[in-house]
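The residues making up each chain are set out below.
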Amino acid sequence: MVRVLYPGSFNPITKGHRQIINQASELFDEVVVAVMCNPNKPTGMFTIDERVAMIKELYKDVDNVKVVSSTGATVDVAKENDCKIIIRGIRNYTDYDFESGMQQINYEISNGEVRTVILFADKEYQHISSSIVRELFNIGKDFSDYVDPLVKEKMMVKKLGGK
Ligand code: ADP
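Residues numbered from 1 in each chain as written. Predicted model: local features only at pLDDT ≥ 70, side-chain atom pairs only at ≥ 80, totals over all residues. Heavy atoms only, no water.

S.K.: I'd love a proper account of helix H4 (residues 93–109), names of residues and values included.
M.R.: Taking 1.5 Å of rise per residue, 17 residues should cover 24 Å, and H4 covers 24 Å from first to last C-alpha, within 8% of that figure. Within H4 the residues assigned to the buried category are Asp95, Glu99 and Asn106. Down the axis of H4, the buried set is contained in an arc of 30°. They therefore lie on one face. Exposed side of H4, more than 90 degrees from the buried face: Tyr93 and Asp97 are the residues found there. In this fold, the buried residues of H4 make contact with helix H3 (74–80), strand S4 (85–89) and strand S5 (115–119). The N-cap of H4, judged by a side-chain oxygen 3.2 Å from the amide nitrogen of Thr94 a few residues on, is Asn92. (Helix = DSSP H or I, 4+ residues; strand = E, 2+ residues; numbered from the N terminus. Expected span 1.5 Å × (residues − 1). Buried < 20%, exposed > 50% of the residue type's maximum accessible area, 1.4 Å probe, protein only. Arc of directions from axis to C-beta. Contact = heavy atoms within 4.5 Å. Polar contact = N/O pair within 3.5 Å; in protein donor to acceptor, adjacent residues only side chain to side chain.)

S.K.: Run through the sheet that holds strand S3 (residues 65–70), naming residues and quoting values.
M.R.: Strand order in the open sheet formed by five strands is S3-S2-S1-S4-S5, with parallel pairing between adjacent strands. Looking at strand neighbours, the two that pair on one side only are S3 and S5, the edges of this open sheet. Taking each pair of neighbouring strands and ignoring which way they run, the sheet shows an average axis angle of 30°. Sheet topology places strand S2 (residues 30–36) next to S3; six bridges connect them, and they run parallel. Paired with Val33 across the two strands is Val67, which belongs to S3. Those strands touched by helix H2 (residues 48–58) are S2 and S3, and its axis lies near 155° from that of S2. (Pairing = 2+ DSSP bridges. Axes fitted to C-alpha atoms, helices over the stretch in contact; angles between N-to-C directions.)

S.K.: Explain the pairing of strand S1 (residues 3–8) to me, and be specific about the residues and the numbers.
M.R.: Extensive coverage of S1 is indicated by the burial of five of its six residues. Taken together, the six bridges between S1 and S2 define a ladder with parallel strand orientation. Residue pairing in the sheet places Pro7 in a bridge with Ala34 of S2. Crossover S1 to S2 through helix H1 (residues 15–27) is right-handed. (Right-handed = clockwise from strand over helix to strand, strands pointing away.)

S.K.: Residue-level account of H1, with values.
M.R.: The end-to-end C-alpha separation of H1 is 18 Å, in line with the 18 Å expected for 13 residues at 1.5 Å each. Considered for burial, the residues of H1 that qualify are Gly16, His17, Arg18, Gln19, Ile20, Ile21, Ala24 and Ser25. For H1, the capping residue at the N-terminal end is Thr14, with a side-chain oxygen 3.1 Å from the backbone nitrogen of Gly16.

S.K.: Help me get a handle on the side chain of Asp148, residues and values and all.
M.R.: Checked against the element boundaries, Asp148 lands in the loop between helix H5 (130–138) and helix H6 (149–159). When residues no more than four places from it in sequence are discounted, the contact partners of Asp148 are Lys15, Arg18 and Leu58.

The values are spatial; any link to function lies outside them.
If you want it as structure tokens, here you go:
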């Protein structure tokens, strides 16, 4: 049984993230999506609970995708969930530089127990990021191609001041 952890901010979850989760759910027995509170990233758009609820809704029919949240260290979340593998996605060289350093740190601070596996989204989704989606939203441009209709709907509700 190979269970993997896919940590991220998912603020909001994009079609790029979705591709990584879908690939991981086909390749491994179970995927634990971990919505992480990253103090170095701007609060973004949705609260942790809202992000968890949205991802759960999107994967309600997929048995091997689970969603958790944490403010702790990724390797601790991996261990708590019995995951020896962290999944990360790479879009470009900037992501590569960051992830190659991060995977080494995570390997070391987990005492060699947690490895990182990199997946790539298909070409048409590789350029998508949550920050670009938020930017398009803020300047009033269409971002429907980059997120699921459910996510777009929740964003529009936020704009109108709803919950
Ligand atoms: P972002 O960097 O968009 O705020 P997250 O912190 O939520 O995203 O990212 C979680 C993981 O998903 C990271 O490893 C990130 O590189 C990866 N990822 C995000 N978008 C894509 C994409 N379009 N293609 C491949 N990987 C992606």
